[in-house]
Amino acid sequence: MVKFVVVAGSASKDLAKRIARRLKAPYIEAQTKIFPDGESKITFGRVPKKSAIIVVQSTYPPVDTNLLQALSIISEARKSSSKIYAIIPYMGYARQDKQFLSGEVITMSIVAKMIQVAGATKVIFVDIHSKTALNHFKIRTENVSAIPELAKYFKKIKLKNPLVVSPDTGGSLRAKKFAGLLNTDFITLKKSRNRKTGKVQIQSSKVDVNGRDLIVIDDIVSTGGSVVKATQFLKRQKCKRVFVTCTHGLFVGDAEKKIKKAGVSQIISTNTIPRSTSKVDISGVIAKSIQ
Ligand code: R5P
């Protein structure tokens, strides 16, 4: 009998393969076909009975499609095992964990219910946007951090008097942890976002970054608005180079281009979302949380 079997959804094949390798577990790929109307058809082979099944599927865009695929795979896997670990490295909808404006639906709570009803017995995330999102689950959850892995990457780069920057107060603890691992200091900028238009503004006044290499760290880079505004602000303060790093590089539309245009030297993300910037592998962190 094998202890674990790893089943990969279409959004996380490479990451799932790496996790399976680390756990020395059989790897099964869910075959996915998208019909012309957008529906997914999923097929996967027989799973050894009595093994715990690890389903790996990130829910980056197309978010709803990837989410429904995750639910379908979890539900099918549950027929072969009573122990289903749902690994959702990037959890879409985690930013909709509470009401910001009256009338808003808290979609994260619906998503949590669906994952549970599908048959997951434990869910593992990587740097989920907020701990509030975890409270919507009635099953076991674990949130692992990619910050130490990102720090290991930056330790290998020769930086001039580095300073870590959080683009907003919500990311302050993240920046503090990252800076601690790099043995350096950090600052937090003040960002405001118009809840209706989504536009961001940096409201900080002067910061002392003259001649220093800066690492702007966020959990998610989506449109790039936050890191672009932060970079433009920091460049005006005569810093040296600006690096941007994040756990989840969504980079919707031309986000990457906009970030580069703002003067960012390098963008580094993890492989929770496979992108050209995914230089940091978090399969080890995930595998460790399972063993
Ligand atoms: C917001 O609270 C998050 O931590 C990120 O700062 C945000 O999701 C980034 O979005 P964008 O790249 O669209 O500014």
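Structural data are supplied above this passage.
Heads up: these notes are all about the structure in this document. (Residues numbered from 1 in each chain as written. Predicted model: local features only at pLDDT ≥ 70, side-chain atom pairs only at ≥ 80, totals over all residues. Heavy atoms only, no water.)

What to know about the packing of helix 2 (residues 63-78) against helix 3 (residues 107-118)
1) Next: Axis separation between helix 2 and helix 3 bottoms out at 8 Å; the angle between their running directions is 25°. Of the possible angle classes, the one that applies to helix 2 and helix 3 is roughly parallel. Residues Leu67, Leu71, Ile74, Ser75 and Arg78 of helix 2 pack against Val111, Met114, Ile115 and Ala118 of helix 3.
2) Next: The residue inventory of the contact of helix 2 with helix 3, partitioned by class, reads 7 nonpolar, 1 polar and 1 charged. (Axes fitted to C-alpha atoms, helices over the stretch in contact; angles between N-to-C directions. Helix = DSSP H or I, 4+ residues; strand = E, 2+ residues; numbered from the N terminus. Parallel < 35°, antiparallel > 145°, perpendicular 65-115°, else oblique. Contact = heavy atoms within 4.5 Å. Nonpolar A, V, L, I, M, F, W, Y, C, P; charged D, E, K, R; others polar.)

Observations regarding the site of the ligand
1) Next: What surrounds the ligand is a group of 14 residues, the closest being Arg95, Asp218, Asp219, Thr223 and Ser226.
2) Next: Within the side chain of Lys191, an N or O atom sits 3.2 Å from an oxygen atom of the ligand.
3) Next: Interatomic distance of 2.8 Å between a backbone N/O atom of Ser222 and an oxygen atom of the ligand.
4) Next: Protein contacts shield 88% of the accessible area of the ligand, which totals 380 Å² for the unbound molecule.
5) Next: Put simply, the parts of the chain that give the shell around the ligand at least two residues each are strand 11 (191-193), strand 13 (214-221) and helix 7 (225-236).
6) Next: Ranked by residues supplied to the shell around the ligand, first place goes to strand 13 with 4 residues. (Near = heavy atom within 4 Å. Polar contact = N/O pair within 3.5 Å; in protein donor to acceptor, adjacent residues only side chain to side chain. Areas by Shrake-Rupley, 256 points an atom, 1.4 Å probe, with all protein chains shown as cover.)

So, the pairing of strand 13
1) Next: With 8 of its 8 residues buried, strand 13 lies for the most part within the structure.
2) Next: Bridge count between strand 9 (residues 163-166) and strand 13: 3 bridges; the pairing is parallel. Within strand 13, the residue paired with Leu163 across the bridge is Leu214.
3) Next: Of the strand pairs in this sheet, strand 13 and strand 14 (residues 242-249) are connected by 7 bridges, and their pairing is parallel. From the neighbouring strand, Val216 faces strand 14, where its bridge partner is Val244.
4) Next: Considered for its hand, the β-α-β crossover made up of strand 13, helix 7 and strand 14 is right-handed. (Buried < 20%, exposed > 50% of the residue type's maximum accessible area, 1.4 Å probe, protein only. Pairing = 2+ DSSP bridges. Right-handed = clockwise from strand over helix to strand, strands pointing away.)

Topic: unusual backbone geometry
1) Next: The omega angle of the peptide bond from Pro61 to Pro62 is 0°, so this bond is cis rather than trans.
2) Next: Turning to its location among the elements, Pro62 is positioned in the loop between strand 5 (52-56) and helix 2.
3) Next: Even without a glycine there, the phi angle at Tyr93 is positive, about 75°.
4) Next: Mapped onto the secondary structure, Tyr93 falls in the loop between strand 6 (84-88) and helix 3.
5) Next: Residue Tyr93 is classed as partly exposed on the basis of its relative accessible area of 23%.
6) Next: For Lys238, which is not glycine, the phi torsion reads 65° and is therefore positive.
7) Next: With respect to the helices and strands, the residue Lys238 is situated in the loop between helix 7 and strand 14.

A word on the packing of aromatic side chains
Centre distance and the angle of the planes are the two values used to describe a pair of aromatic rings.
1) Next: On inspection of all chains with the given rule, the structure shows 5 aromatic pairs.
2) Next: Pairing Phe154 with Phe243 gives two aromatic rings, centres 6.0 Å apart and planes at 90°, and the pair type is edge-to-face. Within this pair, whereas Phe154 is found in helix 5 (residues 147-155), its partner Phe243 is found in strand 14, the two being separated by 89 residues in sequence. For the pair Phe154 and Phe243, a shared accessibility class is recorded, and that class is buried. (Phe/Tyr/Trp six-rings, centres within 6.5 Å; stacked < 30°, edge-to-face > 60°.)

With respect to the state of the cysteines
1) Next: Enumeration over the complete set of coordinates arrives at 0 disulfides.
2) Next: Unpaired in this structure, Cys239 has its nearest cysteine sulfur neighbour in Cys246, at a distance of 18 Å. (Disulfide = S-S within 2.5 Å.)

Some words on a positive patch on the surface
1) Next: A surface patch of like charges, here positive, comprises Arg95, Lys98, Arg193 and Arg195.
2) Next: Among the secondary structure elements, Arg193 is positioned in strand 11. (Patch = residues over 30% accessible without salt bridge, like charges linked within 9 Å, V, L, I, M, F, W, Y side chains within 5 Å. Salt bridge = Lys/Arg side-chain N within 4 Å of Asp/Glu carboxyl O. Lys, Arg positive; Asp, Glu negative; His and termini not counted. Charge placed at Lys NZ, Arg CZ, Asp CG, Glu CD.)

Digging into the nonpolar core
1) Next: Judged by nonpolar contacts, the single largest core of 31 residues is most densely connected at Met91, Ile115 and Val123.
2) Next: At the level of secondary structure, the elements contributing two or more residues to this core comprise strand 1 (4-8), strand 5, helix 2, strand 6, helix 3, strand 7 (122-126) and helix 4 (131-134).
3) Next: For Met91, the contacting residues outside a window of four places in its chain are Thr59, Leu67, Met108, Val111, Ile115, Phe125 and Ile128.
4) Next: Formed by 24 residues, the second largest nonpolar core is a distinct cluster that contains Ile202, Val221, Phe233 and Val264. (Core = buried A, V, L, I, M, F, W, Y, C linked by side-chain atoms within 4.5 Å.)

Examining a nonpolar patch on the surface
1) Next: A surface patch of nonpolar side chains, amounting to about 250 Å² of accessible area, comprises Val105, Ile110 and Met114.
2) Next: Among the secondary structure elements, Ile110 is positioned in helix 3.
3) Next: According to the relative accessible area criterion, Ile110 is partly exposed, its value standing at 41%.

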